[in-house]
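# Secondary and tertiary structure notes
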Amino acid sequence: MTTLTYNVVPATELLAGGRPDWLDRWGAFAADLRFDSLPSTVVERSKLVLLDCIGAIAAGMQEPETRKLAARLSALDGAGQAGSPAIGAGRRLAPGTAAFLNGVAGTMLELDEGNQYARGHPGIHVMPAALAAAGLRGASGADLLVALALGYEIGSRIGIASKLLVTMHPHGTWGTVGAALAVAKLNKADAAAMIETINIASTLGLATSRRTMLEGGTVRNSYAGFSNQLGLMAWELAASGFVGETDGVGTVYGSVIAQDFRPDEMTADLGERWEIARNYFKRHAACRYTHGALDALGDIVAQAGGRIDPDAVESVEVDTYVWAAQLNGPEPKNMLAAKFSLPFALATFLVNGAATPAAFRDAAREDERTRALTRRVTVREDATLTAKLPGLRPARVRVTLADGRTFAAEALTNKGDTEDPYSPDEVRAKFAELAAPVWGAAHAADIAACVEAIDRAPDLTTLTRLLAASAKGSD
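Turning next to the side chain of Glu 113. Tracing the sequence through the fold places Glu 113 in the loop between α5 (95-107) and α6 (122-137). Salt bridges are absent for the buried Glu 113, whose nearest opposite-charge side chain, Arg 45, sits at 7.2 Å. Polar side-chain contacts of Glu 113 include one of 2.8 Å to the side chain of Asn 279. Residues in contact with Glu 113, not counting those within four places in the same chain, are Val 49, Asp 52, His 121, Pro 122, Gly 123, Ile 124, Tyr 152, Asn 279, Tyr 280 and Phe 281.

Following this line, the structure appears as structure tokens:
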């Protein structure tokens, strides 16, 4: 019989290490941060992230699953008109329930913003909890922006400082810490309370699975919702006197769900380099790993005069980096799986003219022309392209037509990334495209105007009223 040995570190030795320096610095930084300390670029980007999250949530709230979930949670909740807005659902729910539902809805369409350096989506993990806590505490619009930027910052930095296990999905992990710190800030926590909230929240992340996204397991869309709900709960625990371990982040992200935790990354240029100011926005309604190839295919369509007949395509070849190359499933079983299938994303782009939300719904997924074209797409990893991560997300695409003509294009990064950003007007146009079908163009414009001026709002009464409004055509 084989004897297994384990290197167990005595509890006394763990305690002897004490609290890490980076955590002390973060506690003081979070407690002392004021709106007038934020650079103007951070303020403006935080408003865009807020607006983008609202649009993604409102549109995602119209999906059949989220509509049913909203109704079921409302029946259990009973908050009535006193709660926080479930955006796009025409309901108010208890703060924790609303934060959960908004987080779920915001990931349904794969249109929420993200941060390439953190390798995840900080905004949708923080904004719903911050909105709920701000409304509960009567915070100002400036307070909301500070909390959003702060929560975004610590979540992103944990993602940057560690390497999640390759079997993990990043949703529902370090975003919980971001949500919790944003809530603590809105509750005017001092440095000690900030530190305790971070330590408590560090061990409240989910044991997520990367396979959910590849298989179309839509439970994956709940991960960000739970991060927001647990972030609110982490603060309530800290405020009630509960404590976490001395260095929860170092333990969890250094040995439990991640490896190679580098504490220096937590404080590098802290207060000078803001992660929310180097985020990315999305226009393609699919996994970001597909975006480089989709952008290259868009260039090819332009080369061909603006349209390529899908039936005339003999083959599509894609060379890209490892994470994108893994999205090679040719027969996605539902909308989520379709968004994580590079062959399908390219095929539906050609058939429907763009990678819109509708291009991934069941009707599009079941279209025989699209299914046939999907099987003519080949995806390969190119190690030289993988080596360009994380700064670049390259893809090379080659389309061969039945008449022998070929077209080729290469994208080094995704449109919308820090290196090739969408303009503020393009982000606002995306919001209008998502929000107008939910509330109507005039109401969507009122929300956009409210968010644009949110830093001058004494409270969030107007914003929450607008977000709680019923969708068009709802009962």
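Take the pattern of salt bridges next. Following the criterion strictly, the structure yields 30 salt bridges and no others. We note a salt bridge from Glu 275 to Arg 273, for which the minimum N-O separation is 2.9 Å. Measuring nitrogen to oxygen at the nearest pair gives 2.9 Å for the salt bridge that ties Arg 405 to Asp 403. Given a relative accessible area of 46%, Arg 405 falls into the partly exposed group. On the basis of relative accessible area, Asp 403 is assigned to the exposed category, the value being 52%. Connected via shared salt-bridge partners are Glu 44, Lys 47, Asp 425, Arg 428, Glu 452 and Asp 455.

Once that is clear, we can look at the nonpolar core. With 105 residues, the main nonpolar core has Trp 26, Leu 50, Ile 54, Ile 87, Met 127, Tyr 253 and Trp 439 as its most contacted residues. No other element matches helix α7 (residues 141-161), which puts twelve residues into this core. Contacts of Ile 87, omitting those with residues within four sequence positions, involve Ile 54, Ile 57, Ala 58, Met 61, Asn 102, Met 127, Leu 131, Trp 439 and Leu 467. Core analysis: the second largest hydrophobic core is formed by 47 residues, Leu 294, Val 313, Val 379 and Phe 407 among them.

Before going further, it helps to examine the sheet that holds strand β6 (residues 377-381). Read from one edge of the open sheet, four strands run β6-β5-β7-β8, paired in mixed fashion. Every other strand in the sheet has two partners, leaving β6 and β8 (406-411) as the edge strands with one partner each. Averaged over all pairs of adjacent strands, the angle between strand axes in this sheet comes to 15 degrees, irrespective of strand direction. One ladder, built from six bridges, connects strand β7 (residues 395-401) with β8; its direction is antiparallel. Bridging across to β8, Ala 395 finds its partner in Ala 411. Most of the contacts of helix α16 (residues 342-352) go to strand β5 (residues 313-320), to which it runs at about 130 degrees, and overall it touches β5 and β6.

Next up on the list: unusual backbone geometry. Here Leu 389 and Pro 390 are connected by a cis peptide whose omega angle stands at -5 degrees. Looking at the secondary structure, you find Pro 390 in the loop between α19 (383-386) and β7. Despite not being glycine, Arg 119 has its phi angle at roughly 60 degrees, a positive value. Here Arg 119 is to be found in the loop between α5 and α6. Phi is positive for Asp 269, close to 55 degrees, though the residue is something other than glycine. Relative to the assigned elements, Asp 269 resides in the loop between β4 (258-259) and α13 (291-303).

Calculation criteria
Residues numbered from 1 in each chain as written. Predicted model: local features only at pLDDT ≥ 70, side-chain atom pairs only at ≥ 80, totals over all residues. Heavy atoms only, no water. Helix = DSSP H or I, 4+ residues; strand = E, 2+ residues; numbered from the N terminus. Buried < 20%, exposed > 50% of the residue type's maximum accessible area, 1.4 Å probe, protein only. Lys, Arg positive; Asp, Glu negative; His and termini not counted. Salt bridge = Lys/Arg side-chain N within 4 Å of Asp/Glu carboxyl O. Polar contact = N/O pair within 3.5 Å; in protein donor to acceptor, adjacent residues only side chain to side chain. Contact = heavy atoms within 4.5 Å. Core = buried A, V, L, I, M, F, W, Y, C linked by side-chain atoms within 4.5 Å. Pairing = 2+ DSSP bridges. Axes fitted to C-alpha atoms, helices over the stretch in contact; angles between N-to-C directions.

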